[in-house]
Amino acid sequence: MKDKENLSDSGKTETGRKAVERQTELGMIKVDMEYPYPCVPPPGIWEEKDGKLLIITASHTFRIPNGEREISPVLYQSCMHPEKIHIDPVQILIDRGEICFQARNQQWTIRETEASSVELLPWEAKIKKKSCIPCTNCGRCSW
């Protein structure tokens, strides 16, 4: 996105991490600037001169109208190289009456008039240990 102004320069969360909040059609969206793992692309809030607003965050899960779909960041850990961990955040583009959500390689678009029915839920980066039975010889446990 060209000609954008980074609005990521705000206060701190209750845990002491840097964060930015922005009131949008979806409600108050919080963007933590510090996560336990790197975000690709990095989080922030940018506003273009033509009025487009881009928000990249791994702080929320978004439940699209009527509970049809949940859009959330993805915590990715390589199974062959468990030390390689990163977060794929949710990208939100608000432009000309449309709100476009993108997470990983998936994209959903809603009208601005439907924004009030989107639920914002908190999201936290946690690694969930999978059961290793039956063993798939993934190499994670060095067997």
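The coordinates are above.
All of these numbers come straight from a predicted model, not from anything done at the bench.

Tallying each qualifying case throughout the model produces five salt bridges. Across the salt bridge formed by Asp-95 and Arg-96, the nearest N and O atoms sit 3.8 Å from each other. For Asp-95, a relative accessible area of 17% puts it in the buried group. The exposed category is assigned to Arg-96, whose relative accessible area is 71%. Linked by salt bridges that have partners in common, Arg-63, Glu-70 and Glu-119 make up one network.

Once that is clear, we can look at unusual backbone geometry. Each neighbour pair has its own omega, and for Val-40 with Pro-41 the value is 0 degrees, a cis peptide bond. Among the secondary structure elements, Pro-41 is positioned in the loop between strand S3 (27-32) and strand S4 (44-48). A positive phi is found at Arg-104, a non-glycine position, where the angle reads about 55 degrees. Note on placement: Arg-104 falls in the loop between strand S11 (98-103) and strand S12 (106-111).

With that settled, the discussion passes to the nonpolar core. Core analysis: the biggest nonpolar cluster contains 20 residues, and Leu-26, Phe-62, Ile-71, Ile-92, Ile-99 and Phe-101 have the highest contact counts within it. Sorting the residues of this core by element identifies S3, strand S5 (53-57), strand S10 (90-95), S11 and S12 as the ones contributing at least two each. Among the nonpolar cores identified, the runner-up in size contains six residues, and Tyr-35, Ile-87, Trp-123 and Ala-125 belong to it.

What follows is about the packing of aromatic side chains. In this structure the tally under the stated criterion is one aromatic pair. Between Phe-62 and Phe-101 the ring centres are 5.4 Å apart and the planes differ by 50 degrees, which places this aromatic pair in the tilted class. Remark: Phe-101 occurs in strand S11 and Phe-62 occurs in strand S6 (residues 60-63); sequence separation between them is 39 residues. Of the two residues, Phe-62 and Phe-101, neither departs from the other in class, the shared state being buried.

Turning our eyes to something else, we now look at the side chain of Ser-59. Its place among the elements puts Ser-59 in the loop between S5 and S6. The class of Ser-59 is buried, set by a relative accessible area of 6%. Reaching out from Ser-59, the side chain makes a polar contact with the backbone nitrogen of Asp-32 at a distance of 3.1 Å.

Quick notes on the rules
- Residues numbered from 1 in each chain as written.
- Predicted model: local features only at pLDDT ≥ 70, side-chain atom pairs only at ≥ 80, totals over all residues.
- Heavy atoms only, no water.
- Salt bridge = Lys/Arg side-chain N within 4 Å of Asp/Glu carboxyl O.
- Buried < 20%, exposed > 50% of the residue type's maximum accessible area, 1.4 Å probe, protein only.
- Helix = DSSP H or I, 4+ residues; strand = E, 2+ residues; numbered from the N terminus.
- Core = buried A, V, L, I, M, F, W, Y, C linked by side-chain atoms within 4.5 Å.
- Phe/Tyr/Trp six-rings, centres within 6.5 Å; stacked < 30°, edge-to-face > 60°.
- Polar contact = N/O pair within 3.5 Å; in protein donor to acceptor, adjacent residues only side chain to side chain.

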